Amino acid sequence: MEKNKKQPGSDRDAGTICWRSPSNIALVKYWGKRKGQIPANPSISITLNSSVTRTCLKYARSLPGRGALKRFSFGGAENAGFAQRVGKYLDSVGDLYPFLGDYDLEITSSNSFPHSSGIASSASAMSALALCLTSMERNVSGSPSEDESFYRKASYAARMGSGSASRSVYPGYVLWGRLPAVTWSADEFAVPLNDNIHDDLREMGDAILLVDESPKKVSSSRGHALMEDNPWSRVRYEQAGSNSVRLIDVLAAGDIDEFIRITEQEALTLHSLMMNSGGGYILMKPGTLEIIERVRRFREETGVPAAFTLDAGPNVHLIYPVSFRESVIGFIKEELLQFCPGGKWIDDASGKGPLQADDETSK
Ligand code: PMV
């Protein structure tokens, strides 16, 4: 994790802060929530490396209580839809960052990957913004001064924008949601899990196979809401709890077979919950199922430990220990890219977490 470099108080009246924050892929899925962005169950993810959002926050002191978001641009162009969403988010975190009302803000943001393509763009976007706000707080008030409370606050604030974003402020494996077995775990913020990970599972590749890049038919917020009336929700929340406990043991033991079993069961469960929510909806495409079948066959025939997982969309994430990279990439090129229009995929991997990058402008 990158240290926040600025000295407290050095940019009290005006300044610019930039963070580059990655997306993450959940192994145990968060699906269903309670009021106040409290997750219905714990979730565990891997923070990625190259699927990132770069966000810069420029602030200048205004008259007390008269500050406002003056401009929001995404990918180099002003974006009214996103600006409205960010404006609402800033209002919702006003209690967390009480100084915000005294400053005019300009935010520029861009992604290294297509947004709404089934890659969790809200996770990278909201974590980048929350990190910028927490850095701004440190600049204008000197607090939070300790890195531990800095990241905890950023995770808490990121969660208010998008639950999965709470996990993106930490590198490696990250847990969000209260799990009695993990001392500091909480529903309000995520915690890193990297102290006890077996070497074989430490560095993971994530090949994101872009089966369909069109925007999702059913948003994640709608999907979470539909869980309230899902007849299987209680059982599902219990399953996610026990899968989380089990996965933590599996990560420590380096038990790759169990890792694969839990990861794939979670992906299929997520989509079966969608098929069983409301009137039922299907986000997978024929190419998704083709890839799943081929991944399982490839594993059986070669013994290469690659697991598929899915987010709330049709694209497939292929997760594998990086030591198997060569055979996995060969397999992707030979067998899987035929299901990705234009042969498009993202060659990603577990990463080092967000990076403060004030010297870099967001284009
Ligand atoms: O963070 P949200 O509200 O976009 O929900 C994300 C839900 C999943 O991506 C499907 C699962 C997860 O835990 O990331």
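Residues numbered from 1 in each chain as written. Predicted model: local features only at pLDDT ≥ 70, side-chain atom pairs only at ≥ 80, totals over all residues. Heavy atoms only, no water.

1. Structural notes on the overall build of the chain
At step 1: Helix and strand counts for the chain stand at eight helices and 14 strands.
At step 2: Whereas a compact globule of 363 residues would reach a radius of gyration of roughly 21 Å, the chain reaches 20 Å, a difference of no more than 12%.
At step 3: Burial statistics for the chain: of 363 residues in total, 55% are counted as buried.
At step 4: Considering only contacts within the chain whose residues lie at least 6 apart along the sequence, 76% involve residues at least 24 apart.
At step 5: When the accessible area of the chain is evaluated, it comes to approximately 15600 Å², of which 50% is carbon and sulfur surface.
At step 6: Side-chain charges of the chain comprise 41 positive and 44 negative groups, with the mean position of each set lying 5 Å from the other. (Helix = DSSP H or I, 4+ residues; strand = E, 2+ residues; numbered from the N terminus. Rg over C-alpha atoms; globule rule 2.2 N^0.38 Å. Buried < 20%, exposed > 50% of the residue type's maximum accessible area, 1.4 Å probe, protein only. Contact = heavy atoms within 4.5 Å. Areas by Shrake-Rupley, 256 points an atom, 1.4 Å probe, with all protein chains shown as cover. Lys, Arg positive; Asp, Glu negative; His and termini not counted. Charge placed at Lys NZ, Arg CZ, Asp CG, Glu CD.)

2. Observations regarding the pattern of salt bridges
A side chain of one charge can pair with a side chain of the opposite charge if their charged atoms are brought near each other.
At step 1: Tallied over the entire structure, the rule returns 18 salt bridges.
At step 2: Among the ionic pairs, Arg-71 bridges to Glu-78, the shortest N-O distance being 3.1 Å.
At step 3: We classify Arg-71 as partly exposed; its relative accessible area is 30%.
At step 4: What makes Glu-78 exposed here is its relative accessible area of 58%.
At step 5: Look at the salt bridges and you will find they share partners, linking Arg-71, Glu-78 and Glu-106 into a network. (Salt bridge = Lys/Arg side-chain N within 4 Å of Asp/Glu carboxyl O.)

3. A short note on the environment of Ile-25
At step 1: The residue Ile-25 is located in strand β1 (residues 14-28) in this model.
At step 2: The class for Ile-25 is buried, based on a relative accessible area of 0%.
At step 3: Once the C-alpha coordinates of Ile-25 and Tyr-173 are considered, the two residues, 148 residues apart in sequence, prove to be 9.7 Å apart.
At step 4: Not counting residues within four places of it along the chain, the set of residues in contact with Ile-25 comprises Ser-45, Ile-46, Leu-48, Asp-206, Thr-309, Asp-311, His-317 and Ile-319.

4. Looking at the nonpolar core
At step 1: Membership of the largest hydrophobic core comes to 37 residues, with the highest contact counts inside it found for Tyr-89, Leu-100, Leu-105, Leu-133 and Met-136.
At step 2: With nine residues, the single largest contributor to this core is helix α2 (residues 121-141).
At step 3: Excluding residues within four positions of it along the chain, Leu-133 makes contact with Leu-57, Tyr-89, Leu-90, Val-93, Tyr-97, Phe-99 and Leu-100.
At step 4: Ile-25, Leu-179, Leu-247 and Ala-307 belong to the second largest nonpolar core, which has 30 residues in total. (Core = buried A, V, L, I, M, F, W, Y, C linked by side-chain atoms within 4.5 Å.)

5. A word on the state of the cysteines
At step 1: Following the criterion strictly, the structure yields one disulfide and no others.
At step 2: Each disulfide pairs two cysteine sulfurs, and for Cys-18 the partner residue is Cys-56, the sulfurs being separated by 2.0 Å. Across the disulfide from Cys-18 to Cys-56, rotation about the S-S bond amounts to roughly 110 degrees, and the bridge is consequently right-handed. Of this pair, Cys-18 sits in strand β1 while Cys-56 sits in strand β4 (residues 43-61), placing them 38 residues apart in sequence. By the burial criterion, Cys-18 is buried, and Cys-56 matches it. (Disulfide = S-S within 2.5 Å.)

6. Some points on unusual backbone geometry
At step 1: Look at the link from Ser-143 to Pro-144: it is a cis peptide, with omega at -5 degrees.
At step 2: Backbone geometry at Gln-37 places phi at a positive 55 degrees, although glycine is not the residue there.
At step 3: Tracing the chain through its elements places Gln-37 in the loop between β2 (33-34) and β3 (38-39).

7. Focus on the site of the ligand
At step 1: Taken together, 14 residues surround the ligand, and among them Tyr-30, Ser-162, Ser-164, Arg-167 and Asp-311 come closest.
At step 2: At 2.6 Å from an oxygen atom of the ligand is found a side-chain nitrogen or oxygen belonging to Ser-164.
At step 3: Contact with the protein chains removes 92% of the 380 Å² of surface that the ligand exposes when unbound.
At step 4: Looking at the shell around the ligand residue by residue, the classes come out as five nonpolar, six polar and three charged.
At step 5: When residues of the shell around the ligand are sorted by domain, at least three fall in each of domain 1 (14-193) and domain 2 (197-349). (Near = heavy atom within 4 Å. Polar contact = N/O pair within 3.5 Å; in protein donor to acceptor, adjacent residues only side chain to side chain. Nonpolar A, V, L, I, M, F, W, Y, C, P; charged D, E, K, R; others polar. Domains from an automatic or database assignment.)

8. Structural notes on α2
Each α-helix winds once per 3.6 residues, and so residues spaced three or four apart point in a common direction.
At step 1: Spanning 21 residues, α2 covers 30 Å between terminal C-alpha atoms, matching the ideal 30 Å at 1.5 Å per step.
At step 2: Looking one or two residues past α2, Gly-142 carries a phi angle of roughly 85 degrees, positive in sign. (Expected span 1.5 Å × (residues − 1).)

9. Examining the domain arrangement of the chain
At step 1: Structurally, the chain comprises domain 1 (14-193) and domain 2 (197-349).
At step 2: Between domain 1 and domain 2, the C-alpha centre-to-centre distance is 24 Å.
At step 3: Tallying the contact residues gives 32 residues for domain 1 and 47 residues for domain 2.
At step 4: Buried surface at the junction of domain 1 and domain 2, both sides included, amounts to about 3100 Å², of which 68% is carbon and sulfur.
At step 5: By the criterion of area lost to domain 2, the three top residues of domain 1 are Lys-29, Trp-31 and Tyr-173, representing 28% of everything that side buries.
At step 6: The tally of links between domain 1 and domain 2 comes to zero salt bridges.
At step 7: The tally of links from domain 1 across to domain 2 stands at 10 residue pairs in polar contact (both at pLDDT 80 or more).
At step 8: Listed by contribution, the elements that provide at least two residues to the side of domain 1 that touches domain 2 are β1 and β4.
At step 9: At eight residues, the largest contribution of residues to the side of domain 1 that touches domain 2 is made by β4. (Buried area = accessible area lost by both parts, 1.4 Å probe.)

10. Comments concerning the sheet that holds strand β12 (residues 316-321)
At step 1: Taking strand neighbours across the sheet as the criterion, the four strands line up as β11-β12-β10-β13 in an open arrangement whose pairing is antiparallel. Two strands close off the open sheet at either side, each with one partner strand: β11 (307-310) and β13 (345-349). Each strand axis lies, on average, 25 degrees off the axis of its neighbour in the sheet, ignoring direction.
At step 2: With five bridges connecting them, strand β10 (residues 204-209) and β13 associate as antiparallel partners. The residue of β13 that forms the bridge with Ala-207 is Asp-347.
At step 3: Strand contacts of helix α6 (residues 256-275): β10, β11 and β12, with the helix running at about 25 degrees to β11, the strand carrying the most contacts.
At step 4: Seen against the sheet, helix α8 (residues 325-336) touches β10, β12 and β13 and runs at an angle of roughly 155 degrees to β12. (Pairing = 2+ DSSP bridges. Axes fitted to C-alpha atoms, helices over the stretch in contact; angles between N-to-C directions.)

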